[in-house]
Each structure stands twice: as C-alpha cells, then as structure tokens.
Amino acid sequence: MPSATTTKKRKSTGTADERAAKQPRQTLEAFFTPKVVVACAPKDEPEKVTRERVALNAEQNKVLRMVVDEGKNVFFTGSAGTGKSLLLRAIISALRKKHAKKADAVSVTASTGIASLNIGGTTIHAWGAITPGMHDIDKLISYIKTCKPAHKRWKATQVLIIDEVSMVDGQLFDTLAKLAVELRKKTNRPFGGIQLVVTGDFFQLPPVTRGGKEPFFAFQSTAWKQCIEHTVTLTQVFRQKDTTFVDLLNEMRRGEISPEARKTFVGLSRPLPQDDGLQPTELFPLRMEVDRANAARMAALTGPPCTYEARDSGAAPAEKRAKLLDAMVATRVLQLKADAQVMLVKNVDESLVNGSVGRVLGFFATSACVASVAAPVLPEASPTKPGGSKPASSAKPKSQQDVSKAPNGFVRNVQVGPDGRTPVALCPETVKENTTPPPSPSKAKARAKDEELLPLVEFSTPQGKEIVLIARDEFRSEDSEGKLLARRVQIPLVLAWAMSIHKSQGQTIQKVKVDLGRVFEKGQSYVALSRAATMEGLQVLRFDAKKVMAHPKVIEWAKTLEQTSTASA
Ligand SMILES: Nc1ncnc2c1ncn2[C@@H]1O[C@H](COP(=O)(O)OP(=O)(O)OP(=O)(O)O)[C@@H](O)[C@H]1O
C-alpha cells in the first residue's frame, strides 16, 4: 500500500549521524510531504491519524484517491483557504511514491514562478520548453526536439501537475494538449495520454493580458473540455475559522454583495491593533507602490542600515541573466534596519513558511546565536543548498552542534537577553540555566569577528513567536535542459510592511491591510482580502462593491459547475 509519509533512512557514518537517523526526517520534503493521513488506503480501511499529522478531510481524500489510485484526470478547485495547496502537496508526495521507479514520471508545474516555488516545481513554460506567446506547433516541436531534457520530459511524463491554473492562458492550454499529442505519438488519447492534475481557483487572479485584452481562461479552451474528466470543488474553508467571515468572502467571490456584507466590509476600515509590535502587511496591485511604501517605512527607522548585496552568478548572457535575476523574489540589494518588518520568502517547515512575517531584532554572527539557542532541538531544514553562512565550530555542546547542522544555516529558537534583542551569549549579565554554559561573551565576540552579521528576526507564527537567525540562501533559475542560467545567494527576506497582491497569492497572512481604491483587476480584491485569517486581522479601506466583482465569464462557468453537481447529486 503506497504511503504519503516519508521516512527515508540515512547512511550512518558516526554517532551524531546515528542520532540524526533516529530523528524523523524533517527536511522540506517533510513540508512538501505534509503530515497528512495516507489517503491511498482502501475506502473501508480506517484512516490512521497520528498526533502530529494533519488529516485530509473526506473531500480532499476523495480527490487524492481519484488521482493516485484511479489515475483520473482531475481539476480540483474551491474558494481561498479550502486546502488546495495542502492537498496538492499530499498528491505530489503520493504520486512520487507510486512512480518511484520512473524518473520524470511526475512533472510538477505552475503558471507562475512564485507558485511553482511553493510546490518545488517549475513553470509550465520552462517544463515544456515553450516560448511565451508562441502557438505555432511545428516551430515549437522543432525547438523542443533540440532541447533533449525537455523532449525527454514530454515523452516520459505520466502525470502532469499544473497549479494556479487560473493564470494559465486558455490558448496555452490548447497548445500544451496539441504538443503532448504530437510529441508522444499517442494521437488517439487526449493530452497524449498524460494524466492531468490541475488545481486553482478561477475567481482569483486571471491570465495576464496585454493592452486591456479580455482574458481567455483555461476552462474556455477546447483541450479543457476534452481532457478534464472530473471537476471537484472543495468546500471546507480551513484558513478562516469564523463562518461569518467565510460567508462574506464567498459573497465577494460570487460578486453578490448584500447590503449587510457591504456594511461589514465598510466597518473594517478601522486601524488594526499592534499588540504584537507588527503592523498589518499592506497589499498593493503594483510593485512600484510596494517599493514606495516599504521605502517610506524604512526611512522612518533611526537605526543604522545593514545592507546585503546578492551574490549573483549564472551562465545566461548578461542581459538575460539580469532579467532573470530581476524576476527573483530575493532582491539584489536588501537593506534592513533593526525593527524593520520582514517576510520570509522560503519554506522551512510547517511553522516557518514563505509568507511568515517578523521583526528584525538586530544583526548578529551565527556563532553568537548558536550559543544562545533556547532548547536542544534539531531544527528543520530547507531543501536548498546553504547560501554562504559559515558553519559554526564543532566543539560545542550537543544542542549547539545540532543547531549548526541546519543545512540552510538558519539558527532556530535563539534566546535573547533582557533587552529583548541581543542573543544571550552576548549578554554578560545573563546566565543560562539547564544547558552547558554558552561560550563567554568575549569568546563569542571574537569568533563573530570573521562572520557576516545576519539578521535576527522574531517571527509571529501560528504556533507563537520564534526568534531565528536568517542565513543567506540560494535562488536559481534554470533553462528547460536544467542548465543554471542565473543564481542568486541572498538573505531570503523581503520588507513586509507592503507586498504585491500577486506575490501574496497562496499565502495566509495574520494581519492584512488592503486599499480597494487601488485595485484594478478582477480577482485581485478577492485574493487580497482572503489572505487574512480573521476579520480582526483585516483592514479594508475605500470598500467599493464594484471593485470586488468576479469576472462575468468565471461567474457563468461556475454556475454550470453548480448545475452539474446538483444534477449528479
Ligand atoms: N485537512 C486540513 N486540516 C487542517 N488544516 C488544513 C487542511 N487543509 C488545509 N489546511 C490549512 O488551511 C490553510 C489554507 O490551506 P491552503 O493554503 O492549502 O488553501 P488553498 O485552497 O490553497 O488557498 P488559496 O487558494 O488561498 O491559495 C493552511 O494553513 C493549511 O495548512
């Protein structure tokens, strides 16, 4: 029976490794393999739920079974927060186990770079070696045939996953289907016989169009009608617990705002409390507005700035490389100050995710933070390679050894002194209890001399506060043959007083502020407002019912779905 959980054994090379091998594997694979109940079990077998696992609900399990056990072509959708991403990660994990012996059998893609980053995949364009905007099948085929890895992928793929499909242009969907048929020479089967697993919410962001052109959604394409056998709508909202808020968001999603809903939204214009020291993240449609808002907040902080220049490399020609680097979420120059509000742009584990917001406490060396960890726990790791932070020395107490092992160089659970921002190892007056004494402050300072000072950040997570030293990490852009085009090693943080709605898609943000007066695209307001976990954490300025309208084509299409499901119920 295939299992959705992973407990890969490691080669034991010594006592430390033996200890580590006994630990449950806590890499990002564990994050992509969320602690979900195995869903490939026969329907009548009771589900095993362990203490730390998130159990998929019945509708999520149904989709997982349709995809993994029955091999069906499925589009699963649902409003924001219904667990599409979590389910997708469980599906990816189960499919990889199912096809473990066949490399390239499971291809994981998304419409945008950011969405693909969230599921450890690649963009659909990069996967298929498709030039954006090009639909000449013959030209595309001859180009793909020159890219051996891409050609191999087209032929070897048995399951193609496409996330955030609302942003996939319908014409592209048709092109993909035609290419699959041609390249796989299985002309009698839709999509060349590739199993499709597609997800997203068409009420969220639409495909990008030029010059105000109407979007052509994937569901309007001919291939969609031929290839998507089953549409499943997830209905249980997990992100928001408050049913009143869920109902309000649903009214908005359908574009039917009642007078009561309007009144409630207008009432959300009040400022949010700042009891945890964090201000709401303001969501803007344009990157320019985001940069301006963040720069103004930074200028208001009086402390000295700490600047991180990215370490860039890559084989692409200069102009192309610059473009690729520019599109990366990590910036070329990151300027931070103590008290700056920041957002993590890498997934680490279930509590520290791409989207976690925190406040910079100061800038410290890894060694000082390793000496100040609060508890002897093994930190969970990121799948990316370490980005340049130096490992701390090996002659340390057990807890410190474990901490320095974090492959991403992060130091978790740092304990700070009475000022609330200095690691205890640097506070002479602080005596740590219950662990081996930390190195003396003078030693820690001496060791710190050669090390790059890194931002120490207090994150607000659903599990509570955690202080983490953030090391540099790697961001890569590869071509369809897997060749490294551009690489950036940078601190994986961005300023987070403000962020773009586009980048916020898929995230859960505890405190959100949205000025609807700025929103210009259908779907944007719904994405922005539905990032908030609670109404208490949402501030809405200039509410205008017209601005929250869904696209009429999507409303029409959704009605046909409802009719189908009512008829088949
Ligand atoms: N079965 C489940 N049990 C408990 N929590 C869940 C479950 N499924 C999802 N969640 C949680 O609900 C929240 C929203 O889930 P997720 O991000 O997967 O939703 P989504 O449908 O992809 O949202 P969006 O469309 O806004 O990106 C996350 O915090 C996730 O961990």
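As recorded by an unreviewed UniProt entry, the chain carries the name ATP-dependent DNA helicase PIF1 and is attributed to Phanerochaete sordida. The UniProt entry for the chain carries this comment under Catalytic activity (unreviewed entry): "ATP + H2O = ADP + phosphate + H(+)". In its Cofactor (unreviewed entry) section, the UniProt entry covering the chain states "Mg(2+)".

(A) Focus on the overall build of the chain. What the chain contains, in helices and strands, is 20 helices and 20 strands. Put simply, the chain has 569 residues, and 53% of those count as buried. Taking all contacts inside the chain whose residues are at least 6 apart in sequence as the whole, residues at least 24 apart take part in 75%. Counting every atom, the chain has about 26100 Å² of accessible surface; 53% of that belongs to carbon and sulfur.

(B) The arrangement of the packing of aromatic side chains in detail. For the structure on display, the rule yields 14 aromatic pairs. An angle of 70 degrees between the planes, with centres 4.9 Å apart, marks the rings of phenylalanine 75 and tryptophan 224 as edge-to-face. Pair noted here: phenylalanine 75 is in strand S1 (residues 74-78) and tryptophan 224 is in helix H10 (residues 222-227), with a separation of 149 residues, a long-range link. Arranged with centres 4.9 Å apart and planes meeting at 85 degrees, the rings of phenylalanine 202 and phenylalanine 219 form a pair that is edge-to-face. Residue phenylalanine 202 is found in the loop between strand S5 (195-199) and H10, and its partner phenylalanine 219 is found in the loop between S5 and H10; the two are separated by 17 residues along the sequence. Above the face of the phenylalanine 475 ring, lysine 346 is positioned so that its terminal group lies 4.4 Å from the ring centre.

(C) Representation of the site of the ligand. The environment of the ligand is formed by 18 residues, the closest being Ala55, Lys84, Ser85, Arg239 and Arg531. The separation between a nitrogen atom of the ligand and a polar side-chain atom of glutamine 60 is 2.9 Å. At 2.9 Å, a backbone N or O of leucine 86 approaches an oxygen atom of the ligand. Considered on its own, the ligand offers 640 Å² of accessible surface; in the complex 79% of this is hidden by protein. Its residues placed into classes, the shell around the ligand shows six nonpolar, nine polar and three charged.

(D) Highlighting the sheet that holds strand S6 (residues 230-234). Strand order in the open sheet formed by six strands is S3-S2-S4-S5-S1-S6, with parallel pairing between adjacent strands. If you trace the sheet from one side to the other, it starts and ends with strand S3 (122-123) and S6, each paired once. Pairing analysis gives four bridges linking strand S4 (residues 159-163) to S5, with the strands arranged parallel. By the bridge assignment for S5, leucine 160 is matched with leucine 196. Each of S1, S5 and S6 is contacted by helix H3 (residues 58-68), which is oriented at about 155 degrees to S6, the strand it contacts most.

(E) Local environment of the side chain of asparagine 57. Within the secondary structure, asparagine 57 sits in the loop between helix H2 (28-32) and H3. Judged by its relative accessible area of 14%, asparagine 57 falls in the buried class. For asparagine 57, the side chain forms a polar contact with the main-chain nitrogen of glutamine 60, separated by 2.9 Å. Of note is the side chain of asparagine 57, whose polar atom sits 2.9 Å from the side chain of glutamine 236.

(F) Broad picture of the environment of valine 290. Mapped onto the fold, valine 290 is located in helix H13 (residues 287-300). You can call valine 290 buried: its relative accessible area is 9%. Not counting residues up to four positions away in its chain, the partners in contact with valine 290 are Phe284, Ala498, Met499 and Ser500.

(G) The arrangement of the UniProt feature "binding site: ATP" (unreviewed entry) in the chain in detail. Those places that UniProt annotates as "binding site: ATP" (unreviewed entry) correspond, in this numbering, to Gly78, Ser79, Ala80, Gly81, Thr82, Gly83, Lys84 and Ser85. Excluding its chain neighbours within four sequence positions, the residues that come into contact with serine 79 are Lys84, Asp201, Leu234, Val237, Asn250, Arg253 and Tyr526. Position of serine 85 relative to the elements: it lies in helix H4 (residues 84-98). With a relative accessible area of 31%, serine 85 lands in the partly exposed category.

(H) Structural view of the pattern of salt bridges. Following the criterion strictly, the structure yields 18 salt bridges and no others. Taking the shortest distance from any N to any O, the salt bridge between lysine 72 and glutamate 70 comes out at 3.0 Å. Taking relative accessible area as the criterion, lysine 72 reaches 25% and is therefore assigned partly exposed. The partner of arginine 542 in a salt bridge is aspartate 515, and the shortest N-O contact between them spans 2.8 Å. One end of the pair, arginine 542, is in the loop between strand S20 (538-541) and helix H20 (552-568); the other, aspartate 515, is in strand S19 (residues 512-515), and 27 residues separate them in sequence. Residue classification places arginine 542 among the exposed positions, given a relative accessible area of 52%.

(I) View of the pairing of S20. With four bridges connecting them, S19 and S20 associate as parallel partners. In the sheet register, valine 514 faces S20, and the bridge partner there is valine 540. Each parallel crossover has a hand, and for S19 linked through helix H19 (residues 524-529) to S20 it is right-handed.

(J) Summary view of the UniProt feature "DNA-binding region" (unreviewed entry) in the chain. The positions that UniProt labels "DNA-binding region" (unreviewed entry) are, in the present scheme, residues 524-543. With 30% helix and 20% strand, residues 524-543 has end C-alpha atoms that lie 13 Å from one another.

(K) Structural detail: the sheet that holds strand S12 (residues 357-364). If you trace the five strands from one edge of the open sheet to the other, you get S14-S13-S12-S11-S17, paired in antiparallel fashion. Strand pairing shows two members of the sheet lacking a second neighbour, strand S14 (464-469) and strand S17 (493-495), which therefore form its edges. Going across the sheet, the axis of each strand differs from the next one's by a mean of 40 degrees, ignoring polarity. Where S12 meets strand S13 (residues 454-461), seven bridges bridge the pair, whose relative direction is antiparallel. Paired with valine 357 across the bridge in S13 is serine 460.

The rules behind the values
Residues numbered from 1 in each chain as written. Predicted model: local features only at pLDDT ≥ 70, side-chain atom pairs only at ≥ 80, totals over all residues. Heavy atoms only, no water. UniProt positions renumbered as here; feature names shortened; annotations may be inferred. Helix = DSSP H or I, 4+ residues; strand = E, 2+ residues; numbered from the N terminus. Buried < 20%, exposed > 50% of the residue type's maximum accessible area, 1.4 Å probe, protein only. Contact = heavy atoms within 4.5 Å. Areas by Shrake-Rupley, 256 points an atom, 1.4 Å probe, with all protein chains shown as cover. Phe/Tyr/Trp six-rings, centres within 6.5 Å; stacked < 30°, edge-to-face > 60°. Lys NZ or Arg CZ within 6 Å of the ring centre and 35° of its normal. Near = heavy atom within 4 Å. Polar contact = N/O pair within 3.5 Å; in protein donor to acceptor, adjacent residues only side chain to side chain. Nonpolar A, V, L, I, M, F, W, Y, C, P; charged D, E, K, R; others polar. Pairing = 2+ DSSP bridges. Axes fitted to C-alpha atoms, helices over the stretch in contact; angles between N-to-C directions. Salt bridge = Lys/Arg side-chain N within 4 Å of Asp/Glu carboxyl O. Right-handed = clockwise from strand over helix to strand, strands pointing away.

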